[in-house]
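Summary of structural features
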Amino acid sequence: MTHKRIDRKKQKRKRQVYESNLINNGLQLEATRSVLDEKLVFVKVHAPWEVLCTYAEVMHIKLPLQPDDLKTRESAFNWFTSLFRVDENIIKPEQEFFTAPFEKEHLSNFYIQDKDTFFNPATRSRIVHFILSRVEYATKNNVKKFGINKLLDSGIYKAAFPLHDSSFRHPSTDPACPSERYLLYREWAHPKNIFKLQPLDFIRKYYGEKIGIYFAWLGFYTNMLIVAAFVGVGCFLYGCLTKDNCTWSQEVCDPNIGGNIIMCPQCDKVCTYWNLTSTCESSKKLCIFDSFGTLVFAVFMGIWVTLFLEFWKRRQAELEYEWDTVEYLEQEEQVRPEYEAQCTHVVMNEITQQEEHVPYTACGKCIRMTFCASAVFFWILLIIASVIGIIVYRLSVFLVFSATLSRHINGTQAIHKYLTPQTATSVTASLISFVVIMVLNIIYEKVAILITDFELPRTQTDYENSLTTKMFLFQFVNYYSSCFYIAFFKGKFVGHPGNPVYWLGKYRNEECDPGGCLLELTTQLAIIVGGKAIWNNIQEVLLPWVKNLIGRYCADARSEKIVPRWEHDYHLQPIGKLGLFYEYLEMVIQFGFVTLFVASFPLAPLLALFNNMLEIRLDAWKLTTQFRRMVPQKAQDIGAWQPIMQGIAILAVVTNAMIIAFTSDMIPRLVYYWSFSVPPYGSHSSHTMKGYINNTLSVFNISDFRNASKPSSPWFGNQTTCRYRDFRYPPGHQHQYEHNIYYWHVIAAKLAFIIVMENTHMCIH
């Protein structure tokens, strides 16, 4: 108890010093005891005109000179977009001004009609937060301690936030209050507005440019998804309509063709021979996703992602001009207080030839960067290790399922058709992969913040860009590594039954179904994307809502008094230090799934479109109803997310070309149709897909099995051969079990397709 009393006295002393220094800086403070909790005191901060003018000049804030009287060109689509815009009688369009950095000595030149409204609430909040972040509260060992963030971290204050202007449920009774929060909830965040355009200027006015540009980007991305979703649904419907004409699937299901084909075991000892018709159902599903429409869609998405990024650059440039942030970074952005506090070293600037204070020497900076890079590299290796662990799980569990699944399922034949060892392994591995991804995410988020804090970036933009790069590198490997494994490694290096390839010298490499691994990639994507969407909505929407509901219930139970605005806002959830970082991260990861592996799942853009239409309104609902008001911040663009998306776009062209070439069975089918179904290689008189399955399954003599791989329980009669998926010469040939001419034709066609597709997209770009 003594220690607690001493701590309370220290905290009180620091608060007194801090608040007296705030008063010395010109702010006015007003203390008010809580209505619901007598131990809680609110300190309301008022910024007088003189203080606002002084710091507006220090911060180089641009303010209105005179109204903008330039005529703007009307778009040809205005008549159409007006149907989806918010009613201008409810939310009036913002007046445009010519602006300039504020200077007190030229005060008369600025457009000041009313001193109370000249600085809007967003600007006032920015100025007050600037002061709060730089006022000191203690000095220890000649080192000054300052800033509201440190006071919050040490528990000296519970919270610090700008106030919402009214309740979101009803407008303010004060005629001087504009009730912007109520209008935003009614015209933007409410579910009834799901098909309406967002009032971006009004969002920017209330929440600042940083939140405004996020919603502008999210809305633009969602609108562009409409085109991709339309084409994707068309390709999916094409696959559904043509699946009954899928010749190779019919051959798999035909009891006279697939029923007579005995396949070689897919693992050592415990696996046995199996009939090709057991994959009949998966081959029918594969016909939907692995059709000619998929090829068209993969090419289209490569063009779409390029156009999306180019059109967004144009839209972003328009917003920079309209919101007056073109020269923001050079003029207005301030150094982070944490950086300023460490500036103890003096160096000579080689360009200006002036002395500058920096927090570390060149050697110290090199050490910091090396440590941070090593830490990030270590965590990426940790993810790769977890992926390898899941691969080992797949290989070992496949043996178990192969040995036990068919024995212990005593149900109907229909169940057995769907629950094959491959399906059971794929689904369980995908679920485990999803759980591992989420656990590693939670741990690494904290590590990434610690690493970036140690790195000590100079400005808030530098800080966020550095953290963004670290987090995305981690998330990229975490989310996409299992998909890359299925798409480009599984079933590609398996050897043949007489000479299989082993993983870690013990586990035999996995093989794909006779139709390829595309269906498994689709399953993996569906589980990760669907699971991620559900998890994010629980985390972002349900948890804050439940916390606020409990808080309101407890508050109502304690008191029936009228609760003031500041106390209502205090009981809302804090927005967090990183603000919109997680919102961007969620959407960019989704952008990666939509573009990188879309060739395996044409419905991905449609699912993303539905998700994003809800995401816009849910994010708006969270900001206006569940969270305290953020400190408005300026932002010129979407920051490091722009180059990240450009990198994804380039990679997407490569991955989709390689999925069509190596994961899909499209190229082997086309090679067979145009070359190997007719003479000199084939026996058919015209181009056809008949005989494709028989042509693409090689023959293996069971007497050539090694003792280590020979199945322990053969179940067929007098057959001496089995079939396996590959293009190799049969036993008895002078080059038996070596790749045949079909294999080299297919490889040449795959490489040619990749080169043509990539060069086509480069020309478009």
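Residues numbered from 1 in each chain as written. Predicted model: local features only at pLDDT ≥ 70, side-chain atom pairs only at ≥ 80, totals over all residues. Heavy atoms only, no water.

1. Some remarks on the overall build of the chain
As a reminder, the rule being used: By definition, any uninterrupted DSSP run of H or I lasting at least four residues is a helix, any uninterrupted run of E lasting at least two residues is a strand, and each is numbered from the N terminus. Residue contacts are counted whenever heavy atoms from the two residues lie within 4.5 Å of one another. For every accessible area listed, the method is Shrake-Rupley and the probe measures 1.4 Å; residues are considered covered only by the protein chains on display.
Broken down by element type, the chain carries 26 helices and 16 strands. In the chain, 75% of the contacts between residues at least 6 apart in sequence involve partners at least 24 apart. On the chain, roughly 38700 Å² of surface is accessible, and the fraction owed to carbon and sulfur atoms is 60%.

2. Some details on the state of the cysteines
What counts here: Working definition: a disulfide is two cysteine sulfur atoms within 2.5 Å of each other. Only protein chains enter the accessibility calculation, which uses a 1.4 Å probe; a residue is then buried when its area is under 20% of its type maximum, exposed when over 50%, and partly exposed in between.
Tallying each qualifying case throughout the model produces three disulfides. Put simply, Cys246 and Cys287 are joined by a disulfide, and their sulfur atoms are 2.3 Å apart. Residues Cys246 and Cys287 are joined by a disulfide whose S-S torsion is about -75°; by sign, that bridge is left-handed. Here Cys246 is found in the loop between helix H9 (209-242) and helix H10 (247-253), whereas its partner Cys287 is found in helix H11 (residues 280-289), with 41 residues between them in sequence. Take Cys246: its relative accessible area is 11%, and that puts it in the buried class. Taking the relative accessible area as the measure of exposure, Cys287 reaches 3% and is therefore buried. One disulfide bridge connects Cys264 with Cys722, the sulfur atoms lying 1.9 Å from each other. Taking the sign of the S-S torsion, about 90° here, the bridge from Cys264 to Cys722 comes out right-handed.

3. Some points on the pattern of salt bridges
Applied cut-off: Salt bridge, as used here: a side-chain nitrogen of Lys or Arg that lies within 4 Å of a carboxyl oxygen of Asp or Glu.
Enumeration over the complete set of coordinates arrives at 17 salt bridges. Between Glu310 and Lys313 there is a salt bridge, with its nearest N and O atoms 3.4 Å apart. Separated by three residues within a single helix, Glu310 and Lys313 lie in helix H12 (residues 292-322), roughly one turn from each other. Here Glu310 falls in the partly exposed class, since its relative accessible area comes to 29%. The partner of Lys622 in a salt bridge is Asp619, with the nearest N and O atoms 3.2 Å apart. One end of the pair is Lys622 and the other is Asp619, both in helix H22 (residues 604-626) and three residues apart, which spans about a single turn.

4. Here we look at the packing of aromatic side chains
Short version of the rule: Only rings of Phe, Tyr and Trp enter the pairing, Trp through its six-membered ring, and a pair is recorded when the two centres are within 6.5 Å. The plane angle decides the type: under 30 degrees is stacked, over 60 is edge-to-face, the rest tilted. Charge-over-ring contacts are defined here by two conditions on Lys NZ or Arg CZ: a distance within 6 Å of the ring centre and an angle within 35 degrees of the ring normal.
Inspection of every chain in the model, using the stated rule, returns 47 aromatic pairs. The interplanar angle of 70° and the centroid separation of 5.0 Å between the aromatic rings of Tyr214 and Phe215 together place this pair among those described as edge-to-face. Taken as a pair, Tyr214 and Phe215 share a single burial class, namely buried. Geometrically, the ring pair formed by Trp217 and Tyr584 is tilted, given 5.7 Å between the ring centres and 45° between the ring planes. Taken together, the residues Trp217 in helix H9 and Tyr584 in helix H21 (residues 581-596) connect sequence positions 367 residues apart. Take Trp217: its relative accessible area is 0%, and that puts it in the buried class. Looking at Tyr584, the relative accessible area reads 7%, which means it is buried. The aromatic ring of Trp566 is capped on one face by Lys44, whose charged end is 3.7 Å from the ring centroid. Its guanidinium or amino end placed over the ring of Tyr206, Arg629 lies 3.7 Å from that ring's centre, counting from NZ or CZ.

5. Examining the side chain of Lys470
Tracing the backbone shows Lys470 in helix H18 (residues 460-488). Filtering out sequence-adjacent residues up to four positions away, Lys470 remains in contact with Val376, Tyr444, Ala448, Ile451, Thr452 and Glu455.

6. Examining a positive patch on the surface
Applied cut-off: Patch members must show over 30% relative accessible area and no salt bridge, and they are joined within 9 Å when carrying like charges or within 5 Å when they are nonpolar side chains of Val, Leu, Ile, Met, Phe, Trp or Tyr. Asp and Glu are treated as the negative residues and Lys and Arg as the positive ones, with His and the ends of the chain left uncounted. The location of each charge is read from NZ of Lys, CZ of Arg, CG of Asp or CD of Glu.
Together, Lys4, Arg5, Arg8, Lys9, Lys10, Arg13, Lys39 and Lys140 make up a region of like positive charge exposed at the surface. When residues in the positive patch are grouped by element, the largest group, six residues, is from helix H1 (residues 2-24). With respect to the helices and strands, Lys9 occurs in helix H1.

7. Topic: the nonpolar core
What counts here: The definition of a nonpolar core used throughout is a set of buried Ala, Val, Leu, Ile, Met, Phe, Trp, Tyr and Cys residues joined through side-chain atoms within 4.5 Å.
Ranked by internal contacts, the top residues of the largest apolar core, which has 146 residues, are Trp217, Tyr221, Trp304, Phe308, Phe593, Phe597 and Trp641. A total of 15 residues in this core trace back to one element, the largest contributor, which is H9. Residue contacts for Trp217: discarding those within four places in its chain leaves Phe308, Trp312, Tyr584, Met587, Val588, Ile638 and Met645. Judged by nonpolar contacts, the second largest core, of 29 residues, contains Val51, Ala56, Leu132 and Tyr157.

8. Points about helix H26 (residues 741-764)
We count it as follows: By this rule, a helix spans an expected 1.5 Å times one less than how many residues it contains. Polar contacts here mean pairs of N or O atoms no more than 3.5 Å apart (in protein, one a potential hydrogen donor and the other a potential acceptor; neighbouring residues in sequence count only if both atoms are side-chain atoms).
Its 24 residues place the ends of H26 35 Å apart at the C-alpha level, agreeing with the 34 Å of an ideal helix rising 1.5 Å per residue. Buried within H26 are the following residues: Tyr742, Tyr743, Val746, Lys750, Phe753, Ile754, Met757 and His761. The inward-facing, buried residues of H26 contact H12, helix H23 (641-663), helix H24 (666-676) and helix H25 (692-696). N-capping of H26 is provided by Asn740, with a side-chain oxygen placed 3.2 Å from the backbone N of Tyr742.

9. Looking at the packing of H18 against H21
Describing two packed helices takes the angle between their axes plus the distance from one axis to the other. Applicable threshold: Note on geometry: axes are C-alpha line fits, over the in-contact stretch for helices, and angles between N-to-C directions span 0 to 180 degrees. Here a crossing is called left-handed whenever its near helix is offset anticlockwise from the far helix by less than a right angle, and right-handed whenever the offset is clockwise. Under the convention adopted here, Pro, Cys and the residues Ala, Val, Leu, Ile, Met, Phe, Trp and Tyr are nonpolar, Asp, Glu, Lys and Arg are charged, and Gly plus all remaining residues are polar.
Running from amino to carboxyl end, H18 crosses H21 at an angle of 40°, the nearest separation of the two axes being 11 Å. In this structure, H18 meets H21 at a crossing whose hand is right-handed. Only Phe581, Leu585, Val588, Ile589, Gly592, Phe593 and Leu596 of H21 make contact with H18, whose side of the interface consists of Leu467, Thr468, Met471, Phe472, Gln475, Phe476, Tyr479, Tyr480 and Cys483. Residue classes in the contact of H18 with H21 are distributed as 13 nonpolar, three polar and no charged.

10. Side note on the environment of Pro731
Along the chain, Pro731 turns up in the loop between strand E16 (721-725) and H26. Given a relative accessible area of 26%, Pro731 falls into the partly exposed group. With 32 residues separating them along the chain, Pro731 and Val699 place their C-alpha atoms 7.1 Å apart.

11. Some details on the environment of Pro67
Positionally, Pro67 belongs in strand E3 (residues 62-67). For the pair Pro67 and Phe98, spaced 31 residues apart in sequence, the C-alpha to C-alpha distance is 6.1 Å. Sequence-distant contacts of Pro67, that is, excluding residues within four places in its chain, are made with Gln95, Glu96, Phe97, Phe98 and Tyr111.

12. Details of the packing of helix H2 (residues 49-58) against helix H5 (residues 121-132)
Quick reminder of the rule: When an angle is under 35 degrees it counts as roughly parallel; over 145 it counts as roughly antiparallel; between 65 and 115 it counts as roughly perpendicular; any other value is oblique.
For the pair H2 and H5, interaxial distance at closest approach is 10 Å and the crossing angle is 80°. Regarding the angle of H2 to H5, the classification is roughly perpendicular. Within the contact between the two elements, H2 uses Val51, Leu52, Tyr55, Ala56 and Val58 and H5 uses Arg124, Ile127, Phe130 and Ile131. Grouping the constituent residues of the contact of H2 with H5 by class yields eight nonpolar, no polar and one charged.

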